[in-house]
Amino acid sequence: MSKPVTILAIESSCDETSCAISRDGLILSNIIANQTIHQQYGGVVPELASRAHIQHIVPVVDAAMKKAGCTTTDLTAIAFTQSPGLIGSLLVGSEFAKSLALALDLPLLAVHHMQAHVLANLIPNDPPSLAPAPRRPVPSFPFLCLTVSGGHTQIVLCHSPLHMEVIGETLDDAAGEAFDKSAKLLGLPYPGGPLIDKYALEGNPARFSFPEPQIPGLNFSFSGLKTAILYFLQDHIATDPGFVYANLNDICASIQARIISILLNKLKKAARQTGIKDCCIAGGVSANSGLRSAFRETGLTEGWKTFIPPFEYCTDNAAMIAITGHYKFLAGDFAPLSVSASARAEW
Ligand code: KG4
Ligand code: ZN
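Just so you know, the residues in each chain are numbered from 1, in the order the chain's sequence is written. Lettering for chains starts from A, numbering for ligands starts from 1, and both go in the order in which the items are written. Local features in this predicted model are restricted to residues whose pLDDT is 70 or higher, and side-chain atom pairs enter the listing and the counts only when it is 80 or higher, whereas totals over whole chains, interfaces and linings include all residues. The basis for the side-chain values is all heavy atoms of the structure; hydrogens and waters are excluded.

**Focus: the overall build of the protein**
What counts here: Segments assigned H or I by DSSP are reported as helices when at least four residues long, segments assigned E as strands when at least two residues long, and all are numbered from the N terminus. The globule rule used for comparison is 2.2 Å times the number of residues to the exponent 0.38, while the radius of gyration itself is calculated over C-alpha atoms. Contact criterion: two residues are considered in contact whenever any of their non-hydrogen atoms come within 4.5 Å of each other. Using a 1.4 Å probe, accessible areas were evaluated by the Shrake-Rupley method; residue-level cover was limited to the displayed protein chains. Charge assignment in this entry is limited to Lys and Arg as positive and Asp and Glu as negative, and neither His nor the chain termini are counted. For charged residues, the charge sits on one atom: NZ in Lys, CZ in Arg, CG in Asp, CD in Glu.
Each helix and strand counted, the protein has 10 helices and 10 strands in total. In terms of overall size, the protein behaves like a compact globule, its C-alpha atoms giving a radius of gyration of 20 Å where 347 residues would be expected to give roughly 20 Å. Expressed as lengths along the three principal axes of its C-alpha atoms, the size of the protein is roughly 70 × 45 × 35 Å. Look at the contacts in the protein between residues 6 or more apart in sequence, and 73% of them connect residues 24 or more apart. As presented, the protein carries roughly 14,800 Å² of accessible surface, and 56% of it is formed by carbon and sulfur atoms. Within the protein, one finds 24 positive and 29 negative side-chain charges whose respective centroids are separated by 4 Å.

**Here we look at the coordination of the zinc ion (ligand 2)**
Where we set the bar: Metal-coordinating donors are taken as N, O and S atoms lying within 2.8 Å of the metal, or within 3.2 Å when the metal is Na, K or Ca; because water is left out, some sites can appear incomplete. Burial here depends on accessible area, computed with a 1.4 Å probe over protein chains only, as a share of the maximum for the residue type. Under 20% is buried, over 50% is exposed, and the range in between is partly exposed.
On the protein side, the zinc ion (ligand 2) has His113 (NE2), His117 (NE2) and Asp316 (OD) as donor atoms, found 2.0 to 2.1 Å from it. The sequence motif formed by the donor residues of the zinc ion (ligand 2) is H-x3-H-x198-D. Within this pair, whereas His113 is found in helix H3 (residues 113–119), its partner Asp316 is found in the loop between helix H9 (311–314) and helix H10 (319–331), the two being separated by 203 residues in sequence. What makes His113 buried here is its relative accessible area of 5%. On the basis of relative accessibility, which here comes to 13%, the residue Asp316 falls in the buried class.

**Quick notes on the site of ligand 1**
Definition in use: The near set for a molecule or strand comprises every residue that places at least one heavy atom within 4 Å of it. For the purposes of these results, a polar contact is taken to be a pair of N or O atoms within 3.5 Å, where, inside protein, one atom must be able to donate a hydrogen and its partner to accept one; residues adjacent in sequence count only when each atom of the pair is a side-chain atom. Under the grouping applied here, Gly and all other residues not named as nonpolar or charged are polar, the nonpolar ones being Ala, Val, Leu, Ile, Met, Phe, Trp, Tyr, Cys and Pro and the charged ones Asp, Glu, Lys and Arg.
Near ligand 1 there are 19 residues, and of these Gly150, Asp180, Asp197, Gly284 and Asn288 occur at the shortest range. Separating an oxygen atom of ligand 1 from a backbone N or O atom of Gly284 is a distance of 3.0 Å. Among the elements of the structure, H3, helix H4 (175–185) and helix H5 (193–200) are those that each provide at least two residues to the shell around ligand 1. Residues that form the shell around ligand 1 fall into these classes: five nonpolar, 11 polar and three charged.

**Considerations on a nonpolar patch on the surface**
Test applied: Only residues whose relative accessible area exceeds 30% and that form no salt bridge enter a patch; like-charged residues are grouped when within 9 Å of one another, and nonpolar side chains (Val, Leu, Ile, Met, Phe, Trp, Tyr) when within 5 Å. In what follows, salt bridge is the name for a side-chain nitrogen of Lys or Arg lying within 4 Å of a carboxyl oxygen of Asp or Glu.
Taken together, the side chains of Leu185, Leu230 and Tyr231 make up a nonpolar region of the molecular surface, amounting to roughly 260 Å² of accessible area. Within the secondary structure, Tyr231 is located in helix H6 (residues 223–239).

These results come straight from atomic positions and should not be treated as a statement about function.
Here you go:
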């Protein structure tokens, strides 16, 4: 019997330090260290993120190895997030991965963070933190993925694990930014997305109406929505300074409903244009409870098979880097030790 493919994967593109171990594509461990220090600054401070990664990376890798029951001799390859992201954050993970590959004489797998978000949908088991971790259904190729994160909003046509096409993307803000900037206008702390989600659960989404931008094709725009929310709040606060406090749940529900309809109307259009019926969501914003249920409902009316990663695989995590590394390993797509991290990268 041939040796199983055991991959140690590292994710450090923004403010989560994460390490996962996969064996033959199954996730054995997925440890994530969050950074709370940024909350007091209203956004991620790159220099502080790099320093926190340096503090977290050794304990996180150690915990992932222990949870997986692995020793270094079990490992077959080292995967890491090469791009895109904050350069200082990426450098911590990439230099650590390269050092490990060099010391253990193992091949290196350089992973694109946004491709990895998409491939989180191919992870065949629930997070090991939710023991027991049962098998999950995965989409068939070709499938569509709506990838919605803090920096990106894309509709991706996925032909095979390593052959993907971006067929629609945002022209300005990402969906996550739309959530976070709206939250900031409401005086909520960073990151505001999960808080809007929480308040929206108690609110009436039909109470206030925000405009849907008319962008041709499959592209998105969220900057107009942000401006509309700003003017809406200024007008109401001018006559009633307590307006936000008194109506927070309904405002959040109405903003969230509009962001979701912008996203899902484009995904519907993409599915109709391509005739594809296997549809996924991915990225931090796919943790949004309103988006998750609206996506499932849209799937029922449109006749789609819908796939949503568990929460732990939606926000930044190394399990998605491990599954992408696994497919790269099978394809023999290795990176040289001279590879460097990059803040921006086409794919
Ligand atoms: O994928 P991710 O963890 O990091 C990036 O690659 O950007 O996405 C982070 C984004 C943030 O904008 C955050 O506010 C948003 O995902 N987010 C949410 C929720 N959880 C995270 N947005 C709305 N509702 C949520 N429950
Ligand atoms: Zn991400």
